[in-house]
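Secondary and tertiary structure notes
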Amino acid sequence: MLMSTYTDKYGPDGVVLIAFLAGVMITILALLQLAPLVEFISYPVTTGFMSAGVITIVLGQLVAMVGIKGSTVNAIKAIETFIIGINQFNTWDLVMGLVCVVILLGIWHLGEITEKAINRTKEPTGWQLFLRYFSMARNAIVLIASIVFVVIMITTTGQSPVGTPEQIEEGFPPIRPPTFQLQIGDETLSFAQTLSELSAPLFVVPLILLLEFVSVAKSFAGGKTIDTTQELLALGLTNILGSFVQSIPVSASFVRSAVNVASGVKTPISNLYTGKTKHPESIMSLILGRRVVITTSRNKCVSFSGGIMLAVLGVLAQYLSYIPTSTLAAVIITSLLPLFKIPQVTMACFRSSKRDLIPMYATFFVGLFVNLTFAILFGVLVDLVFILYPTARPKLIIKSCKFPDIGEALLVVPDKNLSYSNIEFMKQRIIKSAGLTKLDVIVVDGSFVHVLDTTSIKALKETVGFFQSSQKKILFMSWRNHVRDQFVKFDNNHSDLFIPSVSFTDKYDVHLEDQNSLQDIY
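Quantities reported herein were computed from a predicted structural model and do not represent experimental measurements. (Residues numbered from 1 in each chain as written. Predicted model: local features only at pLDDT ≥ 70, side-chain atom pairs only at ≥ 80, totals over all residues. Heavy atoms only, no water.)

Attention now moves to the overall build of the chain. Broken down by element type, the chain carries 19 helices and 10 strands. Out of the 522 residues in the chain, the part that is buried amounts to 42%. Sequence-distant contacts in the chain: of pairs separated by 6 or more residues, those separated by 24 or more amount to 71%. Working note: accessible area of the chain is about 27900 Å², and carbon and sulfur atoms make up 64% of it. (Helix = DSSP H or I, 4+ residues; strand = E, 2+ residues; numbered from the N terminus. Buried < 20%, exposed > 50% of the residue type's maximum accessible area, 1.4 Å probe, protein only. Contact = heavy atoms within 4.5 Å. Areas by Shrake-Rupley, 256 points an atom, 1.4 Å probe, with all protein chains shown as cover.)

Taken together, Ile76, Phe203, Phe365, Phe369, Val370, Phe374, Leu377, Phe378 and Leu381 make up a surface patch of nonpolar side chains, about 770 Å² in accessible area. Of all the elements in the fold, those that place two or more residues in the nonpolar patch are helix 14 (357–369) and helix 15 (372–392). Of the residues forming the nonpolar patch, the biggest block, four residues, is contributed by helix 15. Its location among the elements puts Phe369 in helix 14. For Phe369, a relative accessible area of 41% corresponds to the partly exposed category. (Patch = residues over 30% accessible without salt bridge, like charges linked within 9 Å, V, L, I, M, F, W, Y side chains within 5 Å. Salt bridge = Lys/Arg side-chain N within 4 Å of Asp/Glu carboxyl O.)

In this structure, Ser478 is a non-glycine residue whose phi angle is positive, near 65°. One can find Ser478 in the loop between strand 9 (473–477) and helix 18 (481–489). In this structure Ser478 comes out as buried when scored by relative accessible area, which is 9%. Unlike most non-glycine residues, His494 shows phi in positive territory, near 70°. Residue position: His494 is located in the loop between helix 18 and strand 10 (498–499).

This part covers the confidence of the model for the chain. In this model, the chain carries an average pLDDT of 79, and 83% of its residues clear a pLDDT of 70 or more. Mean pLDDT across the secondary structure elements of the chain bottoms out at strand 4 (residues 291–295), with 34, and peaks at helix 17 (residues 454–469), with 92. pLDDT under 50 marks residues 273–304. Its contacts with residues more than four places away, or in other chains, come to 75 contacts. Segment residues 503–522 is flagged for pLDDT under 50; beyond a separation of four residues in sequence, or across chains, it makes 37 contacts in the model. (pLDDT = per-residue confidence, 0-100.)

Turning our eyes to something else, we now look at the packing of helix 4 (residues 91–121) against helix 12 (residues 325–336). Across the interface, helix 4 lies against helix 12 with an axial gap of 8 Å and an inter-helix angle of 35°. With respect to the hand of their crossing, helix 4 and helix 12 are arranged in right-handed fashion. Seen from helix 4, the contacting residues are Asp93, Met96, Gly97, Cys100, Val101, Leu104 and Leu105; seen from helix 12, they are Ser326, Thr327, Ala330, Val331 and Thr334. Its residues assigned to classes, the contact of helix 4 with helix 12 shows seven nonpolar, four polar and one charged. (Axes fitted to C-alpha atoms, helices over the stretch in contact; angles between N-to-C directions. Left-handed = near helix turned anticlockwise from the far one by under 90°. Nonpolar A, V, L, I, M, F, W, Y, C, P; charged D, E, K, R; others polar.)

It is worth spelling out helix 16 (residues 423–435) at this point. For helix 16, spanning 13 residues, the distance from its first C-alpha to its last is 18 Å, which sits close to the expected 18 Å at 1.5 Å a residue. Inspection of helix 16 places Ile423, Phe425, Met426, Lys427, Ile430, Ser433 and Ala434 among the buried residues, and these make up the whole buried set. Residues of helix 16 that are buried in the fold lie against helix 15, strand 6 (396–403), strand 7 (407–414), strand 8 (441–445) and helix 17. (Expected span 1.5 Å × (residues − 1).)

With respect to the helices and strands, the residue Asp93 is situated in helix 4. Setting aside anything within four residues of it in sequence, one finds Asp93 in contact with Met65, Val66, Gly67, Val162, Gly163 and Ser326.

The next thing to look at is the packing of aromatic side chains. A full pass over the atoms with the stated rule returns 18 aromatic pairs. Where Trp479 meets Phe498, the ring centres are 6.1 Å apart and the plane angle is 85°; that geometry is what we call edge-to-face. Of this pair, Trp479 sits in the loop between strand 9 and helix 18 while Phe498 sits in strand 10, placing them 19 residues apart in sequence. In this pair, the class of Trp479 matches that of Phe498, namely buried. (Phe/Tyr/Trp six-rings, centres within 6.5 Å; stacked < 30°, edge-to-face > 60°.)

Here we come to the side chain of Thr114. Along the chain, Thr114 falls in helix 4. With relative accessibility at 5%, the residue Thr114 sits in the buried group. For Thr114, the side chain forms a polar contact with the main-chain oxygen of Leu110, separated by 2.9 Å. Filtering out sequence-adjacent residues up to four positions away, Thr114 remains in contact with Gln128, Leu131 and Arg132. (Polar contact = N/O pair within 3.5 Å; in protein donor to acceptor, adjacent residues only side chain to side chain.)

This part covers the pattern of salt bridges. Taken as a whole and judged by the stated rule, the model has nine salt bridges. Salt-bridge contacts for Lys77 lead to Glu80; the nearest nitrogen and oxygen are separated by 3.6 Å. You can see Lys77 and its partner Glu80 sitting in helix 3 (residues 75–84), three residues apart, about one turn around the helix. Residue classification places Lys77 among the partly exposed positions, given a relative accessible area of 30%. We classify Glu80 as partly exposed; its relative accessible area is 36%. Note that Arg132 and Glu115 form a salt bridge whose closest N and O atoms lie 2.9 Å from each other. Here Arg132, found in helix 5 (residues 126–136), pairs with Glu115, found in helix 4; they are 17 residues apart in sequence, far enough to count as distant.

This paragraph deals with the sheet that holds strand 10. One open sheet accounts for five strands, arranged 6-7-8-9-10; its pairing is mixed. With one partner strand each, in any of the chains shown, strand 6 and strand 10 form the two edges of the open sheet. Taken together, the five bridges between strand 8 and strand 9 define a ladder with parallel strand orientation. Within strand 9, the residue paired with Val441 across the bridge is Lys473. Sheet strands in contact with helix 16 are strand 6, strand 7 and strand 8, and its direction is about 155° off that of strand 7. (Pairing = 2+ DSSP bridges.)

With that settled, the discussion passes to the UniProt feature "transmembrane region" (unreviewed entry) in the chain. In this structure's numbering, the residues bearing the UniProt feature "transmembrane region" (unreviewed entry) are residues 12–35, 41–68, 89–110, 130–154, 301–322, 328–350 and 362–389. As a span, residues 328–350 carries 78% helix and 0% strand, and end to end its C-alpha atoms are 36 Å apart. (UniProt positions renumbered as here; feature names shortened; annotations may be inferred.)

Quick look at the structure:
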């Protein structure tokens, strides 16, 4: 989804370099134990990003489905390309694409019905197992049928009525390091210039790789905890090594992981040899692409990871040029449609947390009409605003109370830590509230304050000075010892302003002078 944009801009060498650098960044995150950073990307933001990507790519593939070539980096550009290239419109491509879409959706729906039947009976029949794997193999079936069609047409008429890709070079890629100097037009960039040019994809690509990888791991963990750092290390090293054989950035696959689970795979050793499997019929995974599973006995199977891909690269690459472009577009479109989850997530957010709709739709529209690279960053920033705003505007309980030893006083209770982001807000509220009463003592309850920073200490001391100049006194009650020490050690002053703690119950069982006095103002 991401690489199509970067391939158009930087070419194959640029994409391979992105794979290497993304792998290095992810490996560094793993080694520094920074895996939890990925948790700052919320589900609504991820949904908005993925849905925008789906629409963008579907529009681009619809353009390709009718035989039009051009840039489709966002929705506006895709529509513009379609209008400009309308003279390239090919009816055969459109018909082929639509037929493939209908067939793919029909087989997928058949698979859904079969899965529901299997879940009801718990004991799948041979026919149901055949339909399950027939549905999983729908992309391969359609591609093979399309190749046969093109070959027949070329044999009988001498040409293909539908567009096909250019000839793909046969053989294995050479093992060599990626190119660290990008070539853009006639200009060769230095490595420093290359890093600057790739700054945007180097933020987005590792992030998406991490999100997908961790999401797949959690989806198939069965409720068990996963070692995120270990997952990141595996992902980073995979991309680093892959770049030496000209690989694009790679991550986990929901579909192929589901096939492995259905085939009884339990551990990564299945890449070489799979021990016991619940389903000897795993041979049906043969035609699904990356993993070849060959049954050798009733409960054992050997799997050769990537066998089909290696065979294609080695001896079958020439036949890929017979795959119609419209068929590829149909496969991509139908594969991406399940990722468009805006309607479902919108309803869920509307019922539970309406504020999540804002970052989700902000990410979605920026990704749709600007670009995907900026979309996820923008969505995270919008989400952080909602996270940080409560910190910057803490709730304050302010009451007029009578204390046994202090007498009448204005009680102020902040509900969270004091920091540079909220101390000015609290300072202004305390001064304003004190000005509304004739009370000469202000008591700040620090029960919920666990730490202070330099800015908050300085502001509190300024507040102390303000009240002293106004012939009033401010006291600090129920503050933790280490927080009190932070405050006092700032300038070795005001230790006498801290009074002993009182229990929570006693504090709120005080006698109020007037039930209509200043209570719960903020």
